[in-house]
Structures are given as C-alpha cells and as structure tokens.
Amino acid sequence: MTSLALILGCAGPTLSPEETAFFRETRPWGFILFKRNIVSPEQVRALTDALRETVGRADAPVLIDQEGGRVQRMGPPHWPAYPSGRRYLSAGGLEAGPTLARLGARLMAHDLAAAGITVDCAPVLDVPVPGASDVIGDRAYGTDPETVAVFGRAVAEGLLAGGVLPVIKHMPGHGRATADSHLALPVVEAAREELEARDFRPFRALRDLPLAMSAHVVFSAIDPDGPATTSARVIAEVVRGTIGFDGLLMTDDLSMKALSGSFRDRTRAAFRAGCDVALHCNGERAEMEGVAAAAPALAGTALRRAEAALAHLNRAAAPGFDVAEARARLEAGLAAA
C-alpha cells in the first residue's frame, strides 16, 4: 500500500489509540522522535515497534536528532552524553579529530539501532560566520567549509557503519543566518559567488549521501521571495544543480516559525518547490491533519530516492565492534585535549 510523503512525530512515550488510528489511516513514510518520546531503552524500542506496526512496514524509517552537545534527544542516565560537533576538532585537530568524530557517530549509531531508530538527522554541514545566530554555533564541526566537510564525512561514515542513515543538514546552508529559524525567518544577503565558495561547499562534497534536510532560510541573491524549503529556484538551481544532490530531500520541521500560512499551504509550497518528503515534528494532531491533507503519495522520483536511501541501511552491522573498548577510546581521545 502506498505511503504518504510524510514524516510525523507523536505526542508522548506511547501511542494513544487516536494516534494509532491516525497513523494507520494516514500511512506516513516515517516518524521522528524527540525528548518527549524518550524514557528508557525498552520503552523506546516498544515505541518504534508500535510506530512501524501502524503502517505495516518493518522498514519504515524512524528518525531522531542525535548530534551530541546541545542537540541530543537520548542522553543520561540511559545513554552517554556525546560531545558537540566542534568538540571533536578542539580535541583532536584536523589529524585525530575526524577519527574521534567517526568513533562518536559509530557509538551513537549503536545506541540508536538498539532502540529501533534507523535515521539520525546529522551531520550538520552548516558553516558559521561571525555575527550569525548561535542556533548553529558549536553544532558546526568547524568554521571553514573544508573542515566541516571532512568531519561531516567522518560522522556520516560512523553512522552508516552502525546501520543508521545520516541526514545532511541544513541544505544549502544555515551557518550565515542571523536569526534562529525555529523562531523567525532568516534572510541571508550574501552574493551567490560567496555562497558557492563557502556555504554550499560541504553539501557538494557530501552530495553522494542519500538523505538531506532543507533550510528555512531566504537566500536573497537566488530567491528573495521565500526560504529554500519553499523555493523552486533554490531547489532546482542550487540543491539539484550547483550542489548536485540527487538523494531524498526532506523539509525541516514545517511547524517552525520561519514559515507562515496554514499547514496545508506550507506543505503544498514545499512540494511545489521540489521537496520529496514533508517533516512535521511536534505531534499536534490538528497540525498533522493539515499537513497530511496536502501531502502527495510517495511516488515517482521521490519514491526512487526513498527506496535508494533505505537500501543504504546495513541491517547487520559489521562484526567485531567492541562497544566498551570504543567508548574508552573516545573518552581518552576527548580527555587528551
């Protein structure tokens, strides 16, 4: 049976009967979890199983934002606290840092896969500039595109090695934004040449990866009338053109305040612009109904991209990974700084 081109959240640590019925009827392609959904390893595994049961697909992706640092939905006491992206650079520099980042991501993948989570919304490929909003800040692996690309690649490799798909974000770049798109619509005035030389480069370097998330950011030099998420020009000329990304492009959360209009309008605008899948995170039923009413079936090129992404999943992670030894190595590497 066909899925809708949607990724949806749920309200709490278990599904209500109403949520179960809604997901069975709506049949989203995937789901996303937040801290409100996380209690214990056993509970998260039961929740991911229950979510997949509602759509009747064992391979339905379940996503989470598990970057480390400020953005970590699963943490102590049941899971380790992981460092921010920038910490790997400060701990190991350009020589040892990527190895530490890969190791940290491999360990996160171990935690996620054990809980039934198959997609991590990382790595962050944004390149911050002085004066930008701190919404990215130390989530960025560095402050130049080459460093960000190297560390982003290491994180993606670590996740994939542990059977978890990475999502590169926020395409084509949130690092220059002076506003937090959770709260307001950022407008970037930089010239296109400057954007191509800096902001877009890490995404181009990792364009072979299967999943990406859009940025709710206006790039005035390309399209002054709307953010990348709802801009056909940005998606065609930059995401699919300059960057050369042919994987599945999901929106950032459609409930963020950077966007305006009804949820039906936001969803329609994102799909008209060329996004493949709509993401709605907060689990509020009325909003989800609006998004679902405007979302198309997952078909055609979007379906091809979705199937190609899931084909990257390594269901049986490579044998011989010693979790305790890897954690000790990561802690030693971080402490050495």
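Calculation criteria
Residues numbered from 1 in each chain as written. Predicted model: local features only at pLDDT ≥ 70, side-chain atom pairs only at ≥ 80, totals over all residues. Heavy atoms only, no water. 1 Å grid on protein atoms, 1.4 Å probe; cavity = no way out; pocket = protein on both sides within 12 Å on 5 of 7 lines; lining within 4 Å. Points joined across faces, edges and corners; volume = space filled by probe spheres on them. Helix = DSSP H or I, 4+ residues; strand = E, 2+ residues; numbered from the N terminus. Nonpolar A, V, L, I, M, F, W, Y, C, P; charged D, E, K, R; others polar. Axes fitted to C-alpha atoms, helices over the stretch in contact; angles between N-to-C directions. Parallel < 35°, antiparallel > 145°, perpendicular 65-115°, else oblique. Left-handed = near helix turned anticlockwise from the far one by under 90°. Contact = heavy atoms within 4.5 Å.

**Brief notes about empty space enclosed by the protein**
Here's step 1: Taken as a whole and assessed by the stated rule, the structure comprises one cavity of 30 Å³ or more.
Here's step 2: If you add up the space inside the largest cavity, you get close to 40 Å³.
Here's step 3: Elements that contribute at least two residues to the lining of the largest cavity include exactly strand S4 (66-68) and helix H3 (85-114).
Here's step 4: Its residues assigned to classes, the lining of the largest cavity comprises five nonpolar, one polar and one charged.

**What to know about the packing of helix H8 (residues 263-273) against helix H9 (residues 285-294)**
Here's step 1: Two numbers describe how H8 lies on H9: the axes approach to 7 Å, and their chain directions differ by 40°. It follows from the interaxial angle that H8 and H9 lie oblique. Like other packed secondary-structure pairs, H8 and H9 cross with a definite hand, here right-handed. Residue-level contacts link Phe263, Arg264, Thr267, Arg268 and Phe271 of H8 to Glu287, Gly290, Val291, Ala293 and Ala294 of H9.

**Here we look at unusual backbone geometry**
Here's step 1: That bond from Pro76 to Pro77 is cis: its omega, 10°, falls within 30 degrees of zero.
Here's step 2: Looking at the secondary structure, you find Pro77 in the loop between strand S5 (71-72) and H3.
Here's step 3: In this structure, His170 follows Lys169 across a cis peptide bond, with omega equal to 0°.
Here's step 4: Among the structural elements, His170 can be located in strand S8 (residues 168-171).

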